[in-house]
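Commentary on secondary and tertiary structure
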Amino acid sequence: MRRKRGTGTSKSWLCAMVTSALLLQMPAAVLAEETDNQETFSLDAMVITANRVPTEAAKTAANVTVVSQEQIENGPYANLGDVLRDVNGVAVTTKGFAGAGQTVYLNGDDRVLVMIDGRRLSRPQGTVNGGRASIDLNSIVSLDNIERIEIVKGGASALYGSDAVGGVINIITRKGTEAKTTVDFSAGSWGIRNYGLSTQGSENGFSWYITANKKEQDYAEYNVLNPALTAGSSKGDSQRWPFSRYEGEGFTMRLDKELDANRSVTFNFEHWNDEGGWPISVEYPGDELLDRSTSLANNWALTYDFNKQQAVPGFARIYANYAKQDFYGTYKSRGQGFAYQTGWQLGDKHKVIAGVDWEKGEVLDNVYYSGENYKNKSVTNTAVYLQDIFTVTDKWTVTPGIRYDHHSKFGGQTTPKVNVNYGADATTDIYLSYNKVFKAPTLDDLYYNMYDPVWGSSYGDPNLKPETGHVISAGVNKRLSDDTTVTVNYFTSELTDAIKWDKVGKDSWVRNIAKQKKRGLELDLKHKLSERYYTELGYSYVNIKENRKNTGYLVDPKNSQPNGYRVKAGYTDAKWDVNVNGQSASGLDQEYFVNSNYWVWNLAANYKMTPDATVYFNVYNLGDKAYELCSSKSEYNRIGGYPMASRHFVMGVKYSF
């Protein structure tokens, strides 16, 4: 199956211009209606993740982005990776077909801690995608239970320990309020079918929020990047990904009980399960039966919150995460943990936070298709942390902190931090932060033991050292007017003892062999053109260098977003919410990527027919662009093997009662 395309650039800009024209053509009668869903441009939003206590976003002394529930519901997002990819400075790599693994990068680093309501989701063995990531975003199937997402870019090990080298992503779930049930159905290109149900309510201090959904897709198509990989094709032709059928389902539940004004208990449960084809690349499509992946996640948490009305609230939590994946073998893991945090307001100047974290990670089974790898291995980590938010004057705030982690395999690790925020005036905040960071070896790093005489064997090393380093960030949050905000952030980081797979001949060993340096810049501008129209512009720059075995620093040629660009324009009123977003990268190394740059545009249109019924229409890759988000080049694969999906659409209806 193949169809010929014209030039992607001209079509991309044409579609963007047409969409912009549509935004400007909204009926005048609609303009007169009152709006109930405006974009938020304020820097006054309260966030929790950066300081572990509610703090104004502008005064956190960190590079913080909040994605709201309304943005998720009204945007062209099929999964969590789509949501994060639309945030300036965030890169999410994937191979282009539904079900493919997704790795998130903050500040150019995949050592990112992903949490739900402050609970770690990291998998103790790492991910099958490789790299230093500890979770595959694709394993989080549903978006319906998300209240907001807080993204903190920059080192956060002093508060969160391992994995938080590039930053932290905290998914905050929705709490039941009004008695309401919502059904959601959509369908689109390639046999896409999505079914969703959510129900919520509250009575006598008890509330619930429950979601269930199912996703199905018969196949996916891509636009050819490298014709040498697909016989009889030309660049830009549309082809079907082989074995790309996908099914995913999810169920989430949040139950809350208010004990009194200061105390409550919350129970969370998430179940996600998906199955899909996993072609190796377009060059080596693989086998329909062998090249399939299934993943299962069952997570729960029980949290007791206290001192909720105090300046420094506290909590105690127990939790467990279970994950199973089948892909060229079977991989089962479990994480269990306990967390406790309390704090004190000491006069007018000090907010002191103290906490204890304990976590045990286990690999229950790790079986490669050619035989047993390793199983029944575990590590534990116990940590204590202390932080003081010290208001020196009305303008100056200093936040020192320190954390001590004791790991069962590599011993103790101390990570201090100090953040300084200067409120120059009522509209300007300037900050500087220093964070020492570390990343513990995963269980795969320590115990991997796979023998394969054809493709080569791989071995872990139980004597590895943790990756250690520091991150320095500086930035400005500026409100130019009630309708316009600008934020600027610069960061630099260094990491030693970076863990890499060191290949000799066919075989690979995990070793501490590299030093890494990263530096970057991020600019964001948000502006309300009027009560109905808004725009967002973003630019990010990331330079990544690596020094392996002290042979000198070289620029990372697989950096998928050396220069990143984000553009968003939208219209909103009581009936309509229409927005178009553009995502771009430039400066890609053409030894590893087919194109040095690309632009991709997506469209979302939502129309509220009645207070209870909404129809929506999303178009992905408006310009039908041939592009890639990660390089396929290796000793076995040529470039252009992971093209992204071609243009497709989804139309749906959502009804509440």
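Small disclaimer: the values here were computed from a predicted structure and weren't measured. (Residues numbered from 1 in each chain as written. Predicted model: local features only at pLDDT ≥ 70, side-chain atom pairs only at ≥ 80, totals over all residues. Heavy atoms only, no water.)

1. Some thoughts on the overall build of the chain
Of regular secondary structure, the chain possesses 6 helices and 37 strands. For the chain, whose C-alpha radius of gyration is 24 Å, the value lies close to the compact-globule estimate of 26 Å for 657 residues. A principal-axis box enclosing the C-alpha atoms of the chain has dimensions of 75 × 70 × 45 Å. Every one of the 657 residues in the chain was classed for burial, and the buried ones make up 57%. Across the chain, the fraction of contacts at a sequence separation of at least 24, relative to all contacts at a separation of at least 6, is 63%. Once the 72 positive and 75 negative side-chain charges of the chain are each reduced to a mean point, those two points are 4 Å apart. (Helix = DSSP H or I, 4+ residues; strand = E, 2+ residues; numbered from the N terminus. Rg over C-alpha atoms; globule rule 2.2 N^0.38 Å. Buried < 20%, exposed > 50% of the residue type's maximum accessible area, 1.4 Å probe, protein only. Contact = heavy atoms within 4.5 Å. Lys, Arg positive; Asp, Glu negative; His and termini not counted. Charge placed at Lys NZ, Arg CZ, Asp CG, Glu CD.)

2. Focus: a nonpolar patch on the surface
On the surface, Trp300, Leu302, Ile318, Phe338, Tyr340, Val356, Trp358, Val384 and Tyr404 cluster together into a nonpolar patch covering about 730 Å² of accessible area. Every element with two or more residues in the nonpolar patch is listed here: strand 17 (292-306), strand 19 (329-346) and strand 20 (350-368). (Patch = residues over 30% accessible without salt bridge, like charges linked within 9 Å, V, L, I, M, F, W, Y side chains within 5 Å. Areas by Shrake-Rupley, 256 points an atom, 1.4 Å probe, with all protein chains shown as cover. Salt bridge = Lys/Arg side-chain N within 4 Å of Asp/Glu carboxyl O.)

3. Description of the packing of aromatic side chains
In the structure shown here, the tally under the stated rule is 23 aromatic pairs. A ring pair is formed by tyrosine 459 and tryptophan 509, whose centres lie 6.1 Å apart and whose planes are at 35°; its orientation type is tilted. Separated by 50 residues along the polypeptide, tyrosine 459 in strand 27 (residues 458-459) and tryptophan 509 in strand 30 (residues 507-528) bring together distant segments of the chain. On the basis of relative accessible area, tyrosine 459 is assigned to the partly exposed category, the value being 24%. Seen from their ring centres, tyrosine 655 and phenylalanine 657 are 6.1 Å apart, and the 25° between their planes marks the pair as stacked. (Phe/Tyr/Trp six-rings, centres within 6.5 Å; stacked < 30°, edge-to-face > 60°.)

4. Some remarks on the confidence of the model for the chain
Across the chain, the average pLDDT comes to 90, with 93% of residues at 70 or higher. Averaged pLDDT values over the elements of the chain bottom out at 34 in helix 2 (residues 28-31) and peak at 98 in strand 36 (residues 613-620). The low-confidence segment residues 1-41 (pLDDT under 50) makes 91 contacts with residues lying over four places distant or belonging to another chain. (pLDDT = per-residue confidence, 0-100.)

5. Describing the pattern of salt bridges
The full count for this structure, using the stated rule, is 37 salt bridges. Note that arginine 511 and aspartate 502 form a salt bridge whose closest N and O atoms lie 2.5 Å from each other. Relative accessible area serves as the criterion here: at 34%, arginine 511 is assigned to the partly exposed category. Exposure remark for aspartate 502: the relative accessible area of 6% places this residue in the buried category. Its salt-bridge partner being glutamate 546, residue arginine 548 comes within 3.0 Å of it at the nearest N-O pair. Taking the relative accessible area as the measure of exposure, glutamate 546 reaches 17% and is therefore buried. Among the ionic contacts, a cluster of salt bridges with common partners joins Asp109, Arg111, Arg132, Asp445, Glu467 and Lys518.

6. Considerations on the pairing of strand 25 (residues 428-439)
Where a strand is regular, its side chains alternate between the two sheet faces. One ladder, built from 8 bridges, connects strand 24 (residues 411-425) with strand 25; its direction is antiparallel. When the bridges of strand 25 are listed, lysine 417 appears paired with asparagine 435. Joining the antiparallel neighbours strand 24 and strand 25 is a turn of 2 residues. For strand 25 and strand 28 (residues 467-481), the ladder comprises 12 bridges, and the chain directions are antiparallel. If you follow lysine 436 over to strand 28, its bridge partner there is histidine 470. (Pairing = 2+ DSSP bridges.)

7. A few points about the environment of threonine 415
Secondary-structure assignment places threonine 415 in strand 24. On the basis of relative accessibility, which here comes to 0%, the residue threonine 415 falls in the buried class. Apart from the residues lying within four places of it in its own chain, the contact partners of threonine 415 are Ser157, Ala158, Gly401, Ile402, Arg403, Lys436, Val437 and Phe438. Side-chain polar atoms of threonine 415 contact the backbone oxygen of serine 157, separated by 3.4 Å. (Polar contact = N/O pair within 3.5 Å; in protein donor to acceptor, adjacent residues only side chain to side chain.)

8. Some thoughts on the pairing of strand 8 (residues 146-153)
By the criterion of burial, strand 8 is predominantly enclosed, with 6 of the 8 residues buried. Bridge count between strand 3 (residues 63-68) and strand 8: 6 bridges; the pairing is antiparallel. Within strand 8, the position partnered with valine 66 by the bridge is glutamate 150. Pairing of strand 8 with strand 9 (residues 167-173), which is carried by 7 bridges, proceeds in the antiparallel orientation. Bridging across to strand 9, arginine 148 finds its partner in isoleucine 172.

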